[in-house]
Every structure is written in structure tokens, then in C-alpha cells.
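An overview of the molecular structure
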Amino acid sequence: MDRLCGSGELGSKFWDANLSIYTNTPDLTPCFQNSLLAWIPCIYLWAALPCYLFYLRHHQRGYIVLTLLSRLKTVLGVLLWCVSWADLFYSFHGLISSSAPAPVFFVTPLVVGITMLLATLLIQYERLRGVQSSGVLIIFWLLCVICAIIPFRSKILSAIAEGKILDPFRFTTFYIYFALVLCALILSCFKDKPPLFSTENIDPNPCPESSAGFLSRLSFWWFTKLAILGYRRPLEERDLWTLDEEDCSHKLVQRLLEEWQKQQASGPQTAAFEQKIPGEDEVLLKARPKSQKPFFLWALVRTFTSSLLMGACFKLIQDLLSFINPQLLSILIRFISDPTAPSWWGFLLAGLMFVSSMMQTLILHQYHHSIFVMALRIRTAIIGVIYRKALVITNSVKRESTVGEMVNLMSVDAQRFMDVSPFINLLWSAPLQVILAIYFLWQILGPSVLAGVAVIVLLIPLNGAVSMKMRTYQVRQMKFKDSRIKLMNEILNGIKVLKLYAWEPSFLEQVEGIRQSELHLLRKGAYLQAISTFIWVCTPFLVTLITLGVYVCVDENNVLDAEKAFVSLSLFNILKIPLNMLPQLISGMTQASVSLKRIQDFLNQDELDPQCVERKTISPGPNTLTPEQSCSKLSKTPPSLNSTAPPQSISLLYPSPRLLMPLPLSLLQGFPSFAQPPPRPPKTPDPMHLVLPGCAITVHNGTFTWAQDLPPTLHSLNIQISKGSLVAVVGPVGCGKSSLVSALLGEMEKLEGTVSVKGSVAYVPQQAWIQNCTLQENVLFGQPMRPKRYQQALETCALLADLNVLPGGDQTEIGEKGINLSGGQRQRVSLARAVYSDADIFLLDDPLSAVDAHVAKHIFDQVIGPEGVLAGKTRVLVTHGISFLPQTDFIIVLADGQVSEMGHYSDLLKHDGSFANFLRNYAPDEDQEDSEALQDADEEVLLVEDTLSTHTDLTDNEPSMYEVRKQFMRQMSSMSSEGESQNRPVPKKHTNPSEKEMQVMKAKETGALITEETAETGNVKMNVFWDYARSVGLHTTLVICLLYAGQSAASIGANVWLSAWSNDAVVDGRQNNTSQRLGVYAALGILQGLLVMLSAFTMVVGSVQAARLLHAALLHNKIRSPQSFFDTTPSGRILNRFSKDIYVIDEILAPTILMLFNSFFLSISTLVVIVASTPLFIVVVLPLAVLYGFVQRFYVATSRQLKRLESISRSPIFSHFSETVTGTSVIRAYGRIEDFKVLSDRKVDTNQKSAYPFIASNRWLGVNVEFVGNCVVLFAALFAVIGRNSLNPGIVGLSVSYALQVTLALNWMIRMMSDLESNIIAVERVKEYSKTETEAPWVIEGNRAPEGWPTRGAVEFRNYSVRYRPGLELVLKNLTLRVQGGEKVGIVGRTGAGKSSMTLCLFRILEAAEGEICIDGLNVAHIGLHDLRSQLTIIPQDPILFSGTLRMNLDPFGRYSEEDIWRALELSHLRAFVSSQPAGLDFQCSEGGDNLSVGQRQLVCLARALLRKSRVLVLDEATAAIDLETDDLIQGTIRTQFEDCTVLTIAHRLNTIMDYNRVLVLDKGVVAEFDSPTNLIAAGGIFYGMAKDAGLA
């Protein structure tokens, strides 16, 4: 290099230590300045170029138009190139004029000139690739400026020293160069315009990150605007940025699915392949050991490889940087020890420490940002994959994994992956840091360090054993959690039944039993966690102690001075970080591995075979009949062009020569039980030879089961249904009618045979599935709006009358599970959806059962029948109503899963089978020709009345109450802590004055509520902390604080002792008192460890107690909440409290609090130590504390609200998911799977929109807070340098080594404070639902009902009025009536007349506004709810069963003997069924009783009533879902078994109450008529009209 610089005046040595280091005015030699210093920026740019060009090639964002900024940058680049070339030509000029400049004057301008040209070209290339701000060039210009500052100073100093400028030309060009690079640096800090056609130009609220400048991205300054906004007012959803394309659900899920499918494809035997192998082969294959399942983790790794690699690069740089400061500390201590050293060394060291810390900070947060965003993407992708899988799993899988378990996969397990992702890089980073730390320690302490390493190695297996044990607890605890959530889900779904039966205590006990076991395991796991924490807190100290101990004991000449002590201490502190993270990594990995296995098992479950039902149209061969010809031979109904439907039993469709008259319903009660299938009707052609191309549905030799391990439900079915025909499927309860429809939909597992369904399908399930969206959206079901067809669908399904009653017409939002519609309305909406879909094949599973007689007739005539809108379509109708059978083209009679007979109505009558006998018994004589049709006008009137529409919920009955009810729902929603309301505003229709007043009232209430919410955002916090502290126990809380203070004191003591030890005088090359020093140091360290363990144990005791108390309070309150609460709060929202929020309280809060204490006490210790060492530090404490507090306030306000928004937007994901899982058959039937995936993705994206800024807020905080921490390091070092004359090296070492830790402590402290605030929201949310209004007491000790009450069962309403809520209209108005004991009373009335409300009042589900109800003279309001409800019996309309044994479903308290239960089963006609089950009374009912038919469930409800045998029976007539024969049996049982009881029946079929003593007709909440049926008919009033319509008058 010296030769390069030549000789002469500018000739100089390349390096001169005396000029540069050992002097008070340091400088660099001219040769160094002109060569290496000038080349550094050039070397950087050329080195970075290949990678950067590769990146730009693969990241095209569109080009940026040539702007003024871009032009200026280019001009500066060209000018710099010109300046460099001017220098070069000047050197050539010198060569010509024989002054022979040194070679460096040719090389440097050439290199710099080419580099400047390259930079200019790069500016333009970046513009074409859409780069708004270039990090590469900013660093290049920064290096140029830094490297030019030294010559800048040198040239001025030399000019002053010489008194003149030696080389005016180069002097001038250099300063022009300096000015230009400075301008270039300033300009490069500004960002360019967005590229053309970028999303930013269209997006109203784009994420500022994508367009932020390099420096803004580096420091996360782009987040500041949102932080300020969040500080000014609570953030709302509209403030959140739009997601970037690559973060959107659909993109991420698609990527993961592709990788997962590759994994599945690489497995030699996939589930789908297994399914397709029929018969014996399947059995043989299953006997073999299964080959390895596809590995989900590998799919995840492959999907997110680039993010993982990028994170790893950042982590590597940060790890290496972290070892610079200990080296600088070593030099600083040497500097303090050497009084002769120039003071600028100290200032340089302090500056370098600051720069090194700042670089570490910036890179660490880039690493964290990339890794947390990746974690969020992983969660999003997993949720999407689970959702998609849930749409296609078989029914047997659905039986095994309940909705609760699947929701857990989404909420808890996907979250676990998100939690563990940030620790993943520790797998390689921790060993690297340990190895580097040991290497540097070896340099200081030699082989003694091996003693410390030995300790680390020995402790690893110990911790491994602890974590293995923790994992086993974790798995068991998850099982308990699953079963608890599953049970809670069932309780919430069946809460009304629990209340009506007074069964809450039994279920309360079950939940508490599970919770007890869960907490027992939680406590064990937490103790292990505490031991684990103790091991890891003690490890670094033990390592330090043993290493230093061995070092001083091995050789007496080994002296422990300040440099050795504190540099090794700071290295041990670096070592502490990976070791402290290891327990988190291990517990995170154990939890994630449990979750991985659960998710993997779920994703490997069997899927429904899409090939199970053939959907393609078979084209006719040359010799076959065309579809039209073949079908016309079978049916005169015009064939539709294409159609789809499911196959069932051999039925060829015949024309109906004449429509037989509909039979009066009164005569049609009962259906024979087809025990032995009779011979088939004659002349039925063999189906084997009759697969006609004109058939819409064909089943050939079909055998179907619900699950592989169950016996077939349907067997040997041969059915053909021609296009355009109407086929009825009839048979007794449980014979397989609904299963047949499911088989045609491909919902059942096909064991053998073929099924083909040609055309699109519409499906109306037996229990209507209604979405939580507007009524219109429910009908359109994702199809575009066609007003004419839509109007027709509403009209034909008799929905127009309901629209006038609903507050927002068809824009009324329907609550979860259709809560604000009656059963009949739900069924009609479900039917309207089918009509609107305009499919080819309609599968109607008993759609007429839930509606009243005249509505059923209207729907049959207008929709299903030969004259209906679906005429010409293929219709398969499962029905119990035989009045419609004559109008069908063909009837299939099922018995025990087989076709017992089939044919046209008239053929079945001629053929003497059981069906014909049944019809003969119930059909009227021929001369009793019916009074055929109603007049159209009459029908209209009747429809508006919807006379006897079924009601399932108290909230759906009263037309006048809808607006009010809606308001009630809204208020309940907004009272939820974050106002999670999913209700949309309802467009107003027909606003009359009273509605206007109501809206004003509503607005006022809303206003008040909003204010309350805002106040809560800021202030409620302290109360919540106080609540949690009280739950933990105030003494426990105090003890924890004291233990932590003691631990900090011990820690400071140990380090101060070490500092004093290192300053001990050295006599004859050795220190005295070594053993005493070592002993005290060890004692202090061990004391610290013990205190840590004690505090962790105390925290476990406290947190488990808090978890128990908070859950118990929530559970007890919810079980006691009034029914109205459940009707207006989506179950997903309540379930979220029991799953996610309780999980946070159980497992997240305690560790967060411990970490907060750790970092808080460490920060305090640091300040104490630094101030004690260098009192001058007090000066900067205040401004730094102000800055810290400022950042903290901005951050906490914003992050808390973001966390809250994230919580709110999480509920809809799970609500939508559970809604989807319950409606998968409908979604699949209509082919809407893709639309639902989009819906789910949209909800997840909404959640991500608040999660992403939350991640960014943590990084913004980190950079700002660590800046404060780095200032502490800077000032600690600076003041040590300033006061070096009065300080000894030990004190400086102590002070600076503490300062180096403070950055992390300060950051963790705010993070933990914020995490605590964010997570304490869980306590707030649980508390909020623990304090909602409850019902009256269950038992009032001083006021119990007399023994054996009621004896007669006389029910009296005295001037009784009721309203849903104070301030609203009355539902029942001054009702006064008396029912004698043992009297049978039927209750009838229009929709909204108050029928259901009346029965609910009897059970005090609704409480009186005025008046009273007396039973046997006792006012029911004076006794406890359970005393009342346990003495009344109701058979509710919706039969609800709980998962568990049949015995538990009949007698949850175990009060009745086995004989009583069997007798009740016999009377309810279930004995045969239960006896046939191997488990008998211990037969396991699945969730919701899904493994029993609706009819059987209804009979179970009857058995419950028979067991209780109370004096008052309320029958919310549930005969809708039952065939006529079972209906007869039930009615018969009620007449005989409840002969001397008071029976109140809400009647939907008038014939059931025609023999009752009296009939009560309600109208708008008042008694309209009350007399015997014969008198009422004679009077010709409202009841007469109803009876006439039903053919009874």
C-alpha cells in the first residue's frame, strides 16, 4: 500500500500509529485517506449489488414516473461522476506536465467514478422496478459522508498548520464532492411517489409500511401516526389499514394447502385412496399396518421457507453484534485503569458502544417483525386449512370431533403455533451464542470455563425430564379442556331446557368436576414450570460462580481483576438470554407438538367421497330411449331439462290420472309400524334391468351407513325417479327417511351400489339451518338478486306476511341459529332458499312439519304440488302428512332402512299391504268429498294470521315487540366489553310515530352506552387489576412483591461484592481473602435462586386460585342468567369467554406477571447501581424517564385498543365456523363451499387487520424504548470516562455491565405491562359476564313450597301482565283466567298472540310486570325458581338432548329407580329401541342427540315428563316432526297417564285439542275466547274460523 501512495510531498506511509492512536489529536495518514477510506463505500456497493439486483428482478411493483426528486438524484450522481473524472484527468494532466502523481491518484478517482456511475444507473433501475426508497443507496451515501468527514477535518487542519492550501484543485474538488454526497444522502432519505397502478392509488387506507422510506421502515416510524391517533381517541375498525396482498387469507391458505397436498400425495397410501377400495380388499388393506402419515410440520416449513431464512439472517447478525459490547467494555476498563491513555479513547469507546447497541436494536426489531408477521401468517393459514377440512369431513368424524373440539383446533392450537414461532430460531441461535460466549470466556479465564460448561450440560437432561413430565400433563389437561368446552357448548345450546326442567345444578356439578381435574393438572404443571424457572435462573449464576471459583482456586496467581470479572459477567449475561429462553422454547415446543399432532390427526381424517354420488348427466346411447321418451312413458309431468337429487328406493314415477281429494287432517292420525316388509306391489319391473336415461335419480343396490363401524342404516335400495316427478317418502319414525335424503346428497358412507343424481340440487333439511345474516341473504344464499324470482319465492313460501311483522322487512338481521324467528318461519325461509335456487332436483326433508295446517296446504299447492312453482322439477318429499299423498306421482314406503313397498297412491291402495290398511282405516268415505279449496281471499287472510305458527323462543312471538327486541339485542351486544355486536343497522321501513320515538330512545341509550365504553377504555383498568389481585389473594400478592424485592437485593449484593473483590489489592501477584470472597458471593447467589423459586411457587398457588374463582363466578352467573340473555347474545361470544379468556387466565397471566416483576426489578436495580457508581447520571435520569413514560403512554393506549379490536374480531371467526359445521350438509348440497371459504377468509382477514398493527406497535415501542436504554449505556460510559480520575475499574465495570442489561429490561417491562393490560382484558371480559343480571333465587329458604305441592294443579292468572323489559310494551295484558285442577286446556292464537309467552310466564322465564300467577292458591313469585320449575313439566317443541347416557338425559340427578325409568320408556314407546341397544340405559347420546331421529328425541322428552309425573303439564305441541302413528301414541299416552293432571297445550294441530275441556284463544296478549271447543265452534268466532280451515267445522 505504501508503494501505491508513492513518494514526494503526498507520499506517505499507509499507517502511522503515533499519528492515529497514541496522541491527543488523532488523524489518519493522507495515504490511508486517499486509498482505503475512499474505497470503503465502493467496496460495499459492489458487494451488495448482486444480491440486490436478484431481489429487484423478483420484486416488481410497477414503475414510477420520472419525478423531480428522481431527476435531482440522477443529476447529483452524474455530477459526482464528473467530479471524479475531473480528478482523474487532473492526474493525467500532472503526468503530462511531469509532476508524476502517486498511483493512488489514478486508482481512487477511477474506482469512485465508476461506482458513482453505477449508483446513478441503480437510481433509474430502482425507479423502473417501483422502489420508492432505497436502503442500499442510503447506506452507500451514508458511508460516503462518514468516510469524507475525516479528510474534511484533515484538509482544514493541514491548511491552517501550513498557512496555505497545498493542492488547490484537489482541495476544491473534494469539497464539491463532499457537498454533493451530503445532498445525495439527504435526497435519498425522501421517498418517491407510489408506482403507477399500485394498490395504494386505489386503496382508501393502505398500510403505510409498504410505501414507507427505508429509514422509516428501519425505525418503524411509519407506525407513529397510528400511535398518535390511538393516544388521542380509542381506535376503531375503520382506522385499521388494509392488508397487503401477500398477507391475505386466501393467498396464505392456498400456499399451505398446495404444500400439504404435496405431502399427502407423497404418502404411498392416502385416505381418499383407502376409501375407494370396496368390499374385502378394504378390510385386507386396513389390516396392514398403516404407512406413515403425511407430516404437517414439513408442509408449514416449506410454505414459509423465505420468511424463516430472512429471520435467520437477521438473527445471525444480531447475535454476532451482541458480542461487540463486552469487548468494548474490556477496553473501557483497561482505559480507566490506565491514567496516561488519551481521553478521546474513552469518548470513542462510549460512542462505539452506543452505535453498536443501536445497530443491535434496529436489526433485532427487523428480526422480530419478520418472525412475528410470519407467526401471524402461520396462524391464518392453519385456521383456513382447518376450516376447509371441516367442510368435507365424514359424519363419523364429525361424531368423534365435536364443534367445541374443532373450534379449539382453530382458537387454541393455531394460536400455539403463533406463540412458538418467535422462539424457533433459538434452536440454532442458542447453541451459537453459547459457543461464542464460551470462546470469549476461554480467552479471559482459560480452561476454568469448562467447569461452567459442565454445569450447563448437566442441567440440560434435568430440564428435559421436567419438560417431558410437563408435556404429559399438557396432553391430559387439553382433554379436560376439550370436554369442558364441549359440555359448555351443549349447556348454552340447551340452556332453555335446563331452565324449564330445573336441571342446572346437575350440569353445574359436571362442569365443576371437569374444571377441578383441569386445575389439578394445571397446578402440577405450574409447579414443574416453577422448578424449571429456578433451574434456569440459577444456571447463569452457578456457571459464573463455579467458573470464577475454579479460576481463583486452581492457581493462586490467578487474580480476579475488574476486567476479568465484569467482562466475563457481561458474557455470562449474554449466555443467560438463550438459557432463559430455553424453558419458554421447550414449553412452547411441547405445547406446539401436542397441537401439531391434533391438527395433523384432524387433517388426516376421512373425507366424504365426492365420487359417492355421480353427478354427471348420462348421454343416451344409440339404442336407448331419449330421456324425454323414457320419462314420458313413466310420467306425464313435463320433464325438466336437467336435475339432481339423491337416490333411495326403487320408484318409477307414474302419471296421476286424477288428483284425489286431500283428506281432512282430523282423520289422519297414525301410521302403521312396518315391522316386516310386505311383498312388493305387483308389476314393478326389476330395477336391475331398468336404469333409464330419463331418470333424475337412480340408486342401484345401495347400502349406506353413517360410519364404517356402525351397521348399515339403509340397505339394498333400488330406486329410480324420473325427471320432473314428485315422489313422497313415508314411513315410521327412525325408518331411515332422512338418511335416504342424506344418502342422495352424498352425506352418508356408501358401502356398495351406485347412486346417480343428475343436475343441481336444493335441499331443505328437517331442522332448518339459518345463518346469522339478513333474511334476504338467507334466501338468496349467495346468488345474485333477481327481484321477480325473489318475490315469487317469498310469496309462495308464505313469507310476505312475516316481512310486514319483522322490523326491517327482509333486511332484518336473523340472530344466531335463527333465534328471532319462530320454528315455522325458519322452515319457510329454508324452503324459500330452495325455491329461489331454481335447482333441478329438490330434496325436501319434511318441510311441512313445522308449519300450521293451512300454511302447509298453501305451501304444498303453491310450491311443491303439481300446480306449484316447482312443477316440472324433480321433487323428493319426506312427509308425515298423508293428505298430500294422492297428489304425488309416486310413493316410497320405508321400513327398517329398506323399501317396504312403493308405487302410485292408487296402486298402493289396490295392493293389500300395510300402507293400504293404514289408509283405509284413516281415509274418509268416498261420499264425504271435501270442501276442496279455500277461496283465494280467505287464504290470504289466513296466511296473514299464520294462525298457529310454532314458537320456539320467547323473543319471537310478538309482532309489536320486534323493534323493541332488536333494541334489546343491540344493548346487550354493546354492553359486551368490546361491543362485539355482529348486528348490522336495519334499514327502516314504515316508520310510524311510536317507532320514531323508539328510535330516539334507542339513540339516547346508544349514546350513553358509548360514553360508558370510552370511560372503560381508560379507567376501568385499575379495578380489573384489583379484581385479579383479590382473586389471587392480597396476602399472596404482597408476598410475591416482597420476594422479588429480596431477590433483586441479593442480586445487587452479589455484584457489588464481586466489584469489591475485583478491586482487592494484589500482594505478591495474588489476592488475599479469596475463599471468604467466594463464600459470600455463593451465599448471595443461592439466596437469590431460592427467593426466585419461592416467588414462582407463591405465584402458582395464587394464579390457580384466581383461575378457579374467576371461572366459578363466570359459570355460576351464566347458569343463573335469564333466558333473554342467551337469546340476545351469540353463543360463540359466551363460549369465547369460557375457552380463550379462561385459557389466558389459566396459562398466560401468571408467567406474564412474573416476567413483568423480573424486568421491573432489574430496571430499578440498574438505575440504583449506575446512580450509586456515577452520581452525575441523575442529570439524565429525568429526561430519559420522561421520554420513556411518553413512549409508554402512546404505546399502551394504542396497543390495548388494538388488542381489544383483535379480540372482538376473533369471535365472529369461531361463530361463523360453528355455524358452518352445523350447516355443512346444506352448504354442500347447494354447492356453496367456495363462497363459505371466502366468507371465512374475510373474517380472518378482519382479525388480521388488527393483529398486524399490534405486532408493528411492539416493534415501534422496542425501537423507541431501546433508544432510551442505549442512551443509558452511552451516559453510563460517558460519565465513567469524565469521572475516571475518581473511579476505580471495579465500579465502572459494575455500572456499565448493568447498563448493558437495561435495554432488554426496559423493553420487556413495557412489553409485559402492555401484555398484562392486553391479557387482563380476559379478566375484564370474564368479570363482565360474571356480573350480568341473574334470575330470581333458585331456592328461598324461608319460603319453600309445601311438601307435595301442587296437589290439585289449579292454575290461576290474576290480572297478569308481562313485558320483556322495563319501559317496553306489554306482551300479555291483564290476563285473568282460572284453570281447574285436572282440566285439559288448549291454547291457540295467531303469531304473536302470546301463546308461548304465557307458558314461559308459568315457569317464570318471564317475570310479571303486574298481577300474579297462583298454582293451588300459592303465588309462584314467592317461591324459588327450582321449587317452582321442578314441580311443573313441559314437553318443549324442540327436543334437546345432551351428550351422555340416555339415563343421564332422563334423570340427571339419579332420583328415580331403574324400574321407574324402564316404565317411562315403555309408556313413551321407546322400550323396544333402548332394549335393542347393547348398552341399554347407558346408550351414549351424541352431542344434541344427533344419533337419534327427531321423533325419537321427542319421545325421550315424553319419557322425561312421564318420570316427573307432576300435576301440571305444559305441552308446546311438538308433534310437527313426528309421523301420525307416533303422534297418536303420544296423544294417547298423555290422555291416559296425565288423566288427572292439568294439561295446557299450545296446539298447532286443532284435532289434538278438540276433545279438551276448554280452549283458550289469545289475541294480541288478551283473552279473546275461552270455552269448550263445541261452544266456541257454535259461537262462530276466531276459533270457528281456524277449525273450518282445518276441516274440523
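Residues numbered from 1 in each chain as written. Predicted model: local features only at pLDDT ≥ 70, side-chain atom pairs only at ≥ 80, totals over all residues. Heavy atoms only, no water.

1. Focus: the side chain of Asp192
By the element assignment, Asp192 lies in the loop between α7 (168-188) and α8 (208-211). Here Asp192 is buried and forms no salt bridge, its nearest opposite-charge partner Lys73 lying at an N-O distance of 5.0 Å. Separated by 2.8 Å, the side chains of Asp192 and Thr67 make a polar contact. (Helix = DSSP H or I, 4+ residues; strand = E, 2+ residues; numbered from the N terminus. Buried < 20%, exposed > 50% of the residue type's maximum accessible area, 1.4 Å probe, protein only. Lys, Arg positive; Asp, Glu negative; His and termini not counted. Salt bridge = Lys/Arg side-chain N within 4 Å of Asp/Glu carboxyl O. Polar contact = N/O pair within 3.5 Å; in protein donor to acceptor, adjacent residues only side chain to side chain.)

2. Quick notes on empty space enclosed by the protein
As enumerated under the stated definition, the model contains seven cavities of 30 Å³ or more in all. Put simply, the second largest cavity is a space of about 170 Å³. Of all elements in the fold, only α4 (68-96), α5 (104-128), α6 (135-162) and α7 reach the threshold of two or more residues within the lining of the second largest cavity. Its residues placed into classes, the lining of the second largest cavity shows seven nonpolar, five polar and four charged. (1 Å grid on protein atoms, 1.4 Å probe; cavity = no way out; pocket = protein on both sides within 12 Å on 5 of 7 lines; lining within 4 Å. Points joined across faces, edges and corners; volume = space filled by probe spheres on them. Nonpolar A, V, L, I, M, F, W, Y, C, P; charged D, E, K, R; others polar.)

3. Quick look at the packing of aromatic side chains
Under the counting rule described, the total for this entry stands at 43 aromatic pairs. Each ring, one from Phe1160 and one from Phe1161, has its centre 5.3 Å from the other, and the planes form 75 degrees; the classification is edge-to-face. Overall, the relative accessible area of 35% leaves Phe1160 in the partly exposed class. Taking 5.8 Å as the distance between ring centres and 85 degrees as the angle between the ring planes, the aromatic pair formed by Phe1473 and Phe1483 counts as edge-to-face. Residue Phe1473 is located in helix α50 (residues 1471-1476), and its partner Phe1483 is located in the loop between α50 and β19 (1484-1485); the two are separated by 10 residues in the primary sequence. When its relative accessible area of 22% is taken as the criterion, Phe1473 is described as partly exposed. A residue is classified by how much of its surface remains accessible, and Phe1483, at 11% relative accessible area, is buried. An aromatic cluster is present here, built from Phe152, Phe171, Phe174, Tyr175, Tyr177 and Phe178 joined pairwise through their rings. Above the plane of the ring of Trp1057 lies Arg1077, whose end atom (NZ or CZ) is 4.8 Å from the centre. Just above the ring of Phe781 sits the side chain of Arg1232; from NZ or CZ to the centre is 4.6 Å. (Phe/Tyr/Trp six-rings, centres within 6.5 Å; stacked < 30°, edge-to-face > 60°. Lys NZ or Arg CZ within 6 Å of the ring centre and 35° of its normal.)

4. Some thoughts on the sheet that holds strand β16 (residues 1418-1419)
What holds strands together in a sheet is hydrogen bonding between their backbones, with the strands either parallel or antiparallel. Read from one edge of the open sheet, four strands run β13-β12-β15-β16, paired in antiparallel fashion. Edge positions in the sheet fall to β13 (1370-1379) and β16, since each of these pairs with one other strand and no more. By the bridge criterion, two bridges tie strand β15 (residues 1408-1415) to β16 in an arrangement that is antiparallel. Bridging across to β16, Ile1415 finds its partner in Leu1418. Contacting β12 (1355-1363), β13 and β15, helix α46 (residues 1395-1402) runs over the sheet at an angle of about 65 degrees to β13. (Pairing = 2+ DSSP bridges. Contact = heavy atoms within 4.5 Å. Axes fitted to C-alpha atoms, helices over the stretch in contact; angles between N-to-C directions.)

5. Side note on the pairing of strand β9 (residues 898-903)
Taking burial as the measure, the six residues of β9 include five buried ones, the bulk of the element. In this sheet, β9 lies alongside strand β8 (residues 890-895) in antiparallel orientation, the contact comprising five bridges. Within β9, the residue paired with Leu894 across the bridge is Val899. Hairpin connection, β8 to β9: the antiparallel pair is bridged by two residues, and Asp896 has positive phi, about 50 degrees.

Shape descriptors only; they carry no functional weight alone.
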